[in-house]
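# Summary of the model geometry
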Amino acid sequence: MTPPLEMAKDIVIPSIIPEDERVWVPQAENVWFRPLCLSTRQGYWVNLLRVRKSGILSRHRHPAPVHGYVVEGKWHYLEHDWVATQGSYVFEPPGETHTLVVPADVPQMITLFHITGAMIYVDAEGKVTAYEDVFTKIEMCRKHYIACGLGEDYIQQFIR
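This write-up is about the structure you can find in this document. (Residues numbered from 1 in each chain as written. Predicted model: local features only at pLDDT ≥ 70, side-chain atom pairs only at ≥ 80, totals over all residues. Heavy atoms only, no water.)

### A word on the sheet that holds strand 10 (residues 109–116)
Read across the open sheet, the six strands follow the order 1-2-3-10-5-8; overall the sheet is antiparallel. Taken across any chain shown, the strands that pair with only one partner, and hence form the sheet edges, are strand 1 (25–28) and strand 8 (89–92). Across the sheet, the axes of successive neighbouring strands diverge by a mean angle of 30 degrees, strand direction being ignored. In the sheet, strand 2 (residues 31–39) pairs with strand 3 (residues 44–51) via eight bridges, with the strands oriented antiparallel. Each residue of the ladder has a partner; that of Ser39, found in strand 3, is Tyr44. Running over the sheet, helix 1 (residues 134–147) touches strand 1, strand 2 and strand 3 and is turned about 120 degrees from strand 2. (Pairing = 2+ DSSP bridges. Helix = DSSP H or I, 4+ residues; strand = E, 2+ residues; numbered from the N terminus. Axes fitted to C-alpha atoms, helices over the stretch in contact; angles between N-to-C directions. Contact = heavy atoms within 4.5 Å.)

### As for the environment of Val102
Structurally, Val102 can be placed in strand 9 (residues 97–102). It is 19 Å that separates the C-alpha atoms of Val102 and Trp24, two residues lying 78 residues apart in sequence. If we ignore the near neighbours within four places in the chain, the residues touching Val102 are Val51, Lys53, Ser54, Gly55, Lys74, Trp75 and Met109.

### A closer look at the pattern of salt bridges
Summed over the entire model, instances satisfying the criterion amount to seven salt bridges. Asp105 is paired through a salt bridge with Lys74; the nearest N and O atoms lie 3.3 Å apart. Here Asp105 is found in the loop between strand 9 and strand 10, whereas its partner Lys74 is found in strand 6 (residues 74–77), with 31 residues between them in sequence. With a relative accessible area of 53%, Asp105 lands in the exposed category. Here Lys74 falls in the partly exposed class, since its relative accessible area comes to 26%. Here Arg142 and Glu152 are joined by a salt bridge, their closest N and O atoms 4.0 Å apart. Within this pair, whereas Arg142 is found in helix 1, its partner Glu152 is found in the segment after helix 1, the two being separated by 10 residues in sequence. Overall, the relative accessible area of 45% leaves Glu152 in the partly exposed class. (Salt bridge = Lys/Arg side-chain N within 4 Å of Asp/Glu carboxyl O. Buried < 20%, exposed > 50% of the residue type's maximum accessible area, 1.4 Å probe, protein only.)

### Observations concerning the nonpolar core
By size, the foremost hydrophobic cluster in this structure holds 30 residues, and its most contacted members are Leu38, Trp75, Val102, Met109, Tyr145 and Ile155. At the level of elements, strand 2, strand 3, strand 5 (66–72), strand 6, strand 9, strand 10, strand 11 (119–122) and helix 1 are the ones that each hand at least two residues to this core. Ranked by residues supplied to this core, first place goes to helix 1 with four residues. Among residues more than four places away in sequence, those in contact with Met109 are Leu49, Arg50, Val51, Glu72, Gly73, Lys74, Trp75, Leu100 and Val102. With eight residues, the next largest nonpolar core counts Leu36, Cys37, Tyr44 and Val46 among its residues. (Core = buried A, V, L, I, M, F, W, Y, C linked by side-chain atoms within 4.5 Å.)

### Structural notes on the sheet that holds strand 9
In space, the six strands of this open sheet follow the order 7-6-9-4-11-12, with antiparallel pairing throughout. Since the sheet does not close on itself, it has two edges, and those belong to strand 7 (83–85) and strand 12 (128–132), each with one partner. The mean inter-strand angle of the sheet, taken between neighbouring strand axes irrespective of direction, is 30 degrees. Here strand 4 (residues 55–61) runs beside strand 11; their pairing, made up of two bridges, is antiparallel. Note on strand 11: the bridge partner recorded for His60 is Tyr121.

Following this line, the structure appears as structure tokens:
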């Protein structure tokens, strides 16, 4: 059977933890993300978040649901009494503001996140300080892949 002409191509990544460190895109000091799928048509992205520092990472909210799966390490939100550990699944409802914290006893945290819409960074009073969406993520990747030698087109494999 012939697939529809408009159908997007599959993405198959045999090993989501890359051997080439250049695939990890720096986001902040000791914080990187590894893109897996960047959907410009539906406004979502799927990536691994890798953190190699303890403490508060960010205070933010989302206008749409977020799904997470902890691959390695653990983390929690200041606003909740649960801890997401290796193997945990986390659902974040739209509208909630939370503050991601990596405990001091965690040398590395890696979590797969599926984020629809945006990450809206806020200060302690809830005032918007920055945002990320699929388009800003693509631009971050493109700049990094050019700078590290993978090339401008490297990001294309993840865009649908």
